[in-house]
Amino acid sequence: MAAAAKNEGSALDLAASADGHKVQGKAKVSSSVLTELYTSGISVSIANTVTNPLDMIKVRMQLAGRNLAAGEKRPGMVSTGVNVVKNEGVLALWSGLGPSLARGFFFGGARLGLYTPIKMAIAGDEKAAASFQLKVLSGSLSGGLAAAVTSPIELIKTRLQAAGRDPALPNTSMGVIRSVVAADGVPGLWRGAMPGLIRSAILTACQCATYDEAKKFVKDTTGLNEGLYLHLSSSMIAGLVTTTVTNPIDVIKTRMFIGGKSTGGVMSTASTVLKNDGLAGFMKGWSASYARLGPHTVIMFLTAERLRSYAGLKNL
C-alpha cells in the first residue's frame, strides 16, 4: 500500500513537473516574441526618424509629374529638397513624422519582429539552416500581415507629406482621417492597402532574406564574424536589392494613396503610369528611394542587431 501510494505520488509529481515545463516553455516563447517585436519596433522607429526627410522628398518626386507642364523637366532629388526647404521651411522635411513613428514601431516592429519567429515555426527546428525560399516566405508573411493592419497609418503619413502648405488640404493626422472618411468612408483608410501589402511582403522578404544571405556570403568570403563590418556590408547589399525590387510598387501605392477613388485599382493605376511615363515611370524617385531606403536598411539592421544583443536574442 505504502509503495503504491509512493509510486502514485511520484507519477503525479512527474506530471506536474511536465505541465510546469510546458507552461514555462510557452511563457518563454511569448516573452521571446514580445522582445523581438519591441526591439524591432525601436530600431525601425530610429531609422524612420533619421530618414524621414528623404522619404518626404521621394513622395514629392513621385507626384511631381502631375503638376508639370508639357516638356518641363522633372526636378531631381536635390532640387526637390531645396524647393521644399525654400517654400515650406526645414521642418517640412519631417512632415508626417508622427504617423511615421507610429507606423515604424507597430508596422516595422511586426514585419521585422515576426520574421524570425515565423521562420523558426515553419522550419520546425531552431538549429536547422533555413533555405532561401523559406526566408522569402517568412518575410512575405510577416511583411504582409503587418501592412494589412497598419495601412491607414501609411496613408495618413503620405497625405501629410504630399500636402505641403496647400490650405485646401488637411495638415494634421485627424484632419486627414476626417477628410478620407468623408470622401470614401471608413474603407477609404485602407485605400492603396493592396499595393502596400504586396510592397511590404516583397520589401520584408527582400530585406530580411537578402540580409540573411548576404551575411552568409560575406562570412564565407571574408571570414568576418558577427560585428559592425559584417552587419554594415550585409545591410548595404540588402538596401540596394530592396529598393530596386520595390520601387515600381511604391510608385503605384503612392499614386493610390493620394488620388483616392479617382485612381481606380492597382492595374488601372499601373496602366496610367505606363501610358503617361513609360516603363521608366515605375522607377520614378529611385534615387530618393535608395537614398532613403539604403541608409534606412543599414540603420535598422545595425540598431536591431545591437538591441538584440542587449536583450539576449540571437543575431538575425
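The structure under discussion appears in the preceding block.
Residues numbered from 1 in each chain as written. Predicted model: local features only at pLDDT ≥ 70, side-chain atom pairs only at ≥ 80, totals over all residues. Heavy atoms only, no water.

**Regarding helix α3 (residues 97–113)**
- When the local axis directions of α3 are compared, the greatest deviation, roughly 30°, occurs at glycine 104.
- Within α3, the full set of buried residues consists of Pro99, Ser100, Arg103, Gly104, Phe107, Gly108, Gly109, Ala110, Arg111, Leu112 and Gly113. (Bend = angle between axes of the 7 residues up to and from the residue. Helix = DSSP H or I, 4+ residues; strand = E, 2+ residues; numbered from the N terminus. Buried < 20%, exposed > 50% of the residue type's maximum accessible area, 1.4 Å probe, protein only.)

**Quick notes on the packing of aromatic side chains**
- Evaluation of the coordinates by the stated rule reveals three aromatic pairs.
- Arranged with centres 5.4 Å apart and planes meeting at 90°, the rings of phenylalanine 105 and phenylalanine 106 form a pair that is edge-to-face.
- Classification of phenylalanine 105 as partly exposed rests on a relative accessible area of 34%.
- A residue is classified by how much of its surface remains accessible, and phenylalanine 106, at 52% relative accessible area, is exposed.
- Relative to tyrosine 290, the ring of tryptophan 286 lies with its centre 5.4 Å away and its plane at 10°, an arrangement referred to as stacked. Highlighted residues: tryptophan 286 and tyrosine 290, both in helix α10 (residues 286–311), separated by four residues, approximately one helical turn. (Phe/Tyr/Trp six-rings, centres within 6.5 Å; stacked < 30°, edge-to-face > 60°.)

**So, helix α5 (residues 132–163)**
- Here α5 contains 32 residues, and its C-alpha end-to-end distance of 41 Å is more than 12% below the 46 Å for a straight helix at 1.5 Å per residue.
- Of all the bends in α5, the greatest reaches close to 65° and is centred on threonine 150; the proline proline 152 follows between one and four positions later.
- Note on α5: the residue one or two positions beyond its end, glycine 164, has a positive phi of about 60°. (Expected span 1.5 Å × (residues − 1).)

**Brief notes about the pattern of salt bridges**
- Here the structure, examined in full by the defined rule, presents 14 salt bridges.
- For lysine 135, the salt bridge identified is with glutamate 213, shortest N-O distance 2.7 Å. Here the residue lysine 135 occupies a position in helix α5, and glutamate 213 occupies one in helix α7 (residues 193–222), the gap between them amounting to 78 residues.
- Given the relative accessible area of 28%, glutamate 213 is considered partly exposed. (Salt bridge = Lys/Arg side-chain N within 4 Å of Asp/Glu carboxyl O.)

**A few points about the environment of lysine 314**
- Mapping lysine 314 onto the fold places it in the segment after α10.
- Looking at lysine 314, the relative accessible area reads 55%, which means it is exposed.

**Overview of the nonpolar core**
- Val44, Ala47, Leu112, Tyr115, Cys208, Tyr211, Ala238, Met300, Phe301, Ala304 and Leu316 together form the largest nonpolar core, which totals eleven residues.
- Every element with two or more residues in this core is listed here: α1 (2–63), α7 and α10.
- Counting residues per element, this core draws most heavily on α10, at three residues.
- Among all residues touching leucine 316, those that are not within four sequence positions of it are Thr116, Tyr211, Asp212, Lys215, Phe301, Ala304, Glu305 and Arg308. (Core = buried A, V, L, I, M, F, W, Y, C linked by side-chain atoms within 4.5 Å. Contact = heavy atoms within 4.5 Å.)

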